[in-house]
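# Results of the structural survey
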Amino acid sequence: MTIHEAPSERAIDDVEDVQISPPKKWAAGIPGITHSVGPAVRDMGPTRAARLLTSMNHKDGFDCMSCAWPDPSHRKIAEFCENGAKAVTWEATPITVPTSFWAEHPIPVLLEKSDYWLGMQGRLVEPVYKAADSDAYTPIGWDEAFRIIGDKLRSLDSPDRAAFYTSGRTSNEAAFVYQLFARAFGTNNLPDCSNMCHESTGAALSEAIGVGKSTVTYDDFAQADLIVIMGQNPGSNHPRMLTALEEAKKAGATIVAVNPLPEAGLMRYKNPQKVNGWIGKGTGLADDYLQIRLSGDQALMQAVAKRVLEAEKAAPGTVLDHDFIDTYCQGFDEFAASLEALDEVEVLRATGLTSGEIGGLADRYIAADRVIITWAMGLTQHKRAVATIKDIMNLLLLRGNIGRPGAGASPIRGHSNVQGDRTMGIWEKMPPAFLDKLQNEFHFDPPRADGVDSVDGIRALADGRVTVWFALGGNLVAAISDTDVAESAVQKAEMTVQVSTKLNRSHAVVGREALILPTMGRTEIDLQASGEQFVSVEDTVCAVHPSWGKVDPVSPNLLSEISIVTRLARATLADKVDVDWAGFEADYDRIRDHIAHVCTGCEDYNGRIRQEGGFVLAHGPRDSRTFPTDTGKAKFTLNELQVVECPPGRLLLQTIRAHDQFNTTIYSLNDRYRGVKQGRDVIFVNPLDIAALKLTDGQRVDVHSEFTDGVDRVLRGFRLVSYPTARGCAAAYFPEANPLVPLGATAEVSNTPASKSTVIRIEATTTAVAA
Ligand SMILES: Nc1nc2c(c(=O)[nH]1)N[C@H]1C(S)=C(S)[C@@H](COP(=O)(O)OP(=O)(O)OC[C@H]3O[C@@H](n4cnc5c(=O)[nH]c(N)nc54)[C@H](O)[C@@H]3O)O[C@H]1N2
Ligand SMILES: Nc1nc2c(c(=O)[nH]1)N[C@H]1C(S)=C(S)[C@@H](COP(=O)(O)OP(=O)(O)OC[C@H]3O[C@@H](n4cnc5c(=O)[nH]c(N)nc54)[C@H](O)[C@@H]3O)O[C@H]1N2
Ligand code: SF4
Ligand SMILES: [Mo]
């Protein structure tokens, strides 16, 4: 069934009529269920909806394309959550963008549209091309599209003039052929969404324990005594994590949330899988809720560690895990000495917490035999993100909370396969060992110089070092900081290419020539010459499993991402390297045979991926307390405490996701748990701060960020919302607030945009804004 019908423009764009009610104190339950199944049936039809929702996250089904939360080994019939259902419904809609759309919507018209409107136009089904002398896309054939791109790539004076971006929904197989193509072409310019996401985590964990990934498995949660959830909103962004937390709680775990916002999902949870989720009060999740000031986590981790060390001094031999420290770690003495100078006044100023609250967490940490600390973007998107995460590792090491059941470091990844993409080699600075294996396997010399990451990629576009930008998924111009700078940089490109399922801002903000290549989504059956194919993905706890499409592609004209990349490789490289691109496209097992030889931990990939439920990648620190750092030891690290200063009359702004969005994809203008309806141009501020600033709840305000580069970055006409966030802190939605963050404001080491602690000034709006 193909439907060429999109919602009317008025119905979507004229709804900036924001309604505010008090934030919720619980998550999921009946509203969660009705909010997911109802729209799925309405938008996909009952047959398609039933087929997809009942096979989602099942061992012979497809992997939910939303977040990277893992699946339990015992699956129920409905192994999805409200937001997973939204992602499936969004992808599997039978509505398609009609051929007439392109002439009716030239680039200047597309530029006026919101990401919300663009996404609602339906699935892309034909390749389109915007020539240099035209301002509109026109449909073209696939061969023509590959010829245009291949010719352009071959005409470049250096392969480093091209960059190949990836968003984390791409499968392992597609990611592997993509990085192979980029490196065979001659560049390590492989930026990805991870640069804006958990890059800080990878950098910190690699230094501390030698592996940049989670040290826990799914089953560890149920065995933990204490789970500390920092800088994460699982109720909206990893909803089924709440089930694991509920189980942990029932088994006796204590849960502490560290977050400036009182997030509904962390306070109480009604599990829709269970009867008491439908009618009862649900589980009160967090035992303690530390409403920390933005960016205060490094101080908190150091202060807790200091208290742990003091407790050990008071009762020697009873608090620290000396065996673990002596056998597996280095740097303990220096670390312990460094904390003696920690200034308690600075700690209280940085965290906004009381000494009692910090002491309470330390007591819980000491009392718990098995501790897991989880985190997400609330920690990674700060200037001192890497230092903060290293301080988490210091704390965990003190009591040997690495490499034993029920304990560990648990970064919770974002995109469903962002972690797998890295395992496959999507990184601008893959280590030499990987490049060596690639060389042995395919007999060409991969480039050795590091490539550009996402932020550097924008800079390289701005100054003409990169002139061709190819994106396998994603929406970089909307996702990256400093929107105006990023957009004008991309518009300088000679050619931009987007491989996408649906329209977004990156199709409107384009280079001189531009192409959109439509692709199949994960829900769709992928039929190739050797028969039906599956792909594979890796979740946040390193579990790798297959994903099978379940419904017919929305158009027979669509190609899989693997077909697109392999055909482009043939059009660009011809016989330059000895790679059987056509064989890869015909049979994905052939790609997996190479993955087995090149990617760490993927030996016998074809065999193990076919075991029921897939397999878990080996992980030295987790499995055997083997630490592949340069010294073979886990490292205590010294991280100077720096407090983000906020002058009087200013606030610290963070950018967050609403409940009804997936990154730059906006499902609706509502944010149910936070009590916001029909609007996203809002800024949440503590009522005491609103009063101190002599502003009024509900009024329209202009939000200026304050940096020293002389540029006045401003959001105009936002609605002020009185909200119980921590004092001195504010929150607004991403991507709307991205224009406030300069491109250069990034985390140290990881270069991740520091979009969660921007100093802002709020002023009453004086100019009229459209309601
Ligand atoms: N439905 C849905 N699911 C998603 C996504 C989505 O957009 N929608 N996105 C996916 C992706 S790519 C990612 S990376 C993840 C993101 O998952 P999250 O990290 O949960 O996403 P954010 O909305 O950025 O929420 C950040 C949380 O950290 C808190 N926080 C911010 N700054 C600080 C701080 O300084 N200290 C502390 N302690 N807390 C802080 C915020 O109040 C908020 O609760 O979700 C993934 N899953
Ligand atoms: N201020 C601020 N900025 C942020 C963040 C923040 O918290 N605050 N978060 C950052 C984070 S964590 C991330 S991960 C980035 C996200 O950055 P990106 O990954 O670049 O952005 P997405 O919005 O996830 O990409 C959505 C697009 O992917 C395409 N797509 C969807 N499914 C598929 C598919 O199966 N195949 C292909 N080829 N395309 C598909 C669709 O066209 C869709 O419009 O944003 C970052 N930016
Ligand atoms: S928790 Fe994440 S992966 Fe699981 S069903 Fe929900 S959105 Fe999908
Ligand atoms: Mo992310």
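A quick note: this is a predicted structure, and the numbers were derived from the prediction, not measured. Sequence order sets the numbering: in each chain, residues are counted from 1 along the sequence as written. The naming scheme follows written order: chains are lettered A onward, ligands numbered 1 onward. Given that this is a predicted model, residues contribute local features only at a pLDDT of at least 70 and side-chain atom pairs are listed and counted only at 80 or more, while totals for whole chains, interfaces and linings are drawn from all residues. With hydrogens and water excluded, all non-hydrogen atoms of the structure serve as input to the side-chain values.

### Description of the overall build of the chain
- Helix and strand definitions follow DSSP, with helices as H or I runs of at least four residues and strands as E runs of at least two, each counted in order from the N terminus. From N to C terminus, the chain includes 33 helices and 30 strands.
- When we talk radius of gyration, it's over C-alpha atoms, and the globule rule is simply 2.2 Å times the number of residues to the 0.38. Against the globule reference of 28 Å for 771 residues, the chain gives a C-alpha radius of gyration of 25 Å, in line with a compact fold.
- Based on the C-alpha atoms only, the size of the chain along its principal axes is roughly 75 × 65 × 55 Å.
- Accessibility here uses a 1.4 Å probe with only protein chains present; expressed as a share of the type maximum, an area under 20% marks a residue as buried, one over 50% as exposed, and anything in between as partly exposed. Here the chain, with 771 residues, has 63% of them falling under the buried criterion.
- The contact definition used throughout considers only heavy atoms, calling two residues in contact when any of these lie within 4.5 Å. For the chain, restricting intrachain contacts to residue pairs at least 6 apart in sequence, the fraction spanning at least 24 positions comes to 79%.
- Computed with a 1.4 Å probe, the accessible areas rest on the Shrake-Rupley method; for each residue, only the protein chains presented here act as cover. When the accessible surface of the chain is totalled, it reaches about 26,700 Å², and 53% of it is carbon and sulfur.
- Separation of charge centres in the chain, based on 77 positive and 99 negative side chains, amounts to 4 Å. A residue counts as positive if it is Lys or Arg and as negative if it is Asp or Glu; His and the chain ends are not included. A charged residue contributes its charge at one atom only: NZ of Lys, CZ of Arg, CG of Asp or CD of Glu.

### What about the site of ligand 2?
- Around ligand 2, a shell composed of 31 residues is seen, among which Y165, A479, E561, T664 and N738 lie nearest.
- Within the side chain of R169, an N or O atom sits 3.0 Å from a nitrogen atom of ligand 2.
- Counted as a polar contact is a pair of N or O atoms within 3.5 Å, where, for protein atoms, one must be capable of donating a hydrogen and the other of accepting one, and residues adjacent in sequence contribute only when both atoms are in side chains. At 2.7 Å, a side-chain N or O of N504 approaches an oxygen atom of ligand 2.
- In the complex, the protein chains occlude 96% of the 930 Å² of accessible area that ligand 2 would expose alone.
- Going through the elements one at a time, helix 26 (476–479) and strand 15 (495–500) are the ones with two or more residues in the shell around ligand 2.
- A class-by-class count of the residues in the shell around ligand 2 yields 11 nonpolar, 15 polar and five charged. If even one non-hydrogen atom of a residue comes within 4 Å of a molecule or strand, that residue is called near it. Note on residue categories: nonpolar means Ala, Val, Leu, Ile, Met, Phe, Trp, Tyr, Cys or Pro, charged means Asp, Glu, Lys or Arg, and polar means any other residue, Gly included.

### Digging into the UniProt feature "domain: Molybdopterin dinucleotide-binding" (unreviewed entry) in the chain
- UniProt positions are given in the numbering used here, feature names are shortened, and annotations may be inferred rather than shown by experiment. As recorded in UniProt, the sites labelled "domain: Molybdopterin dinucleotide-binding" (unreviewed entry) are residues 651–758.
- Along residues 651–758 the backbone is 6% helical and 35% strand, and the end-to-end C-alpha distance reaches 8 Å.

### Focus on the sheet that holds strand 17 (residues 526–528)
- Pairing within the open sheet is antiparallel, and its four strands lie in the order 17-18-19-20. Of all strands in the sheet, those bounded by a partner on one side alone are strand 17 and strand 20 (615–616).
- Two strands pair when backbone bridges link them, and strand 18 (residues 531–538) and strand 19 (residues 543–548) are joined in this way by five bridges, in the antiparallel orientation. Looking at strand 19, one finds that S536 is bridged to P546. For two strands to be treated as a pair, DSSP must find at least two bridges joining them.

### Thoughts on the state of the cysteines
- Count a disulfide wherever a pair of cysteine sulfur atoms falls within 2.5 Å. Scanning the model with the defined rule gives zero disulfides in all.
- Considering cysteine sulfurs only, C197 is the nearest to C193, which forms no disulfide, with 6.0 Å between them.

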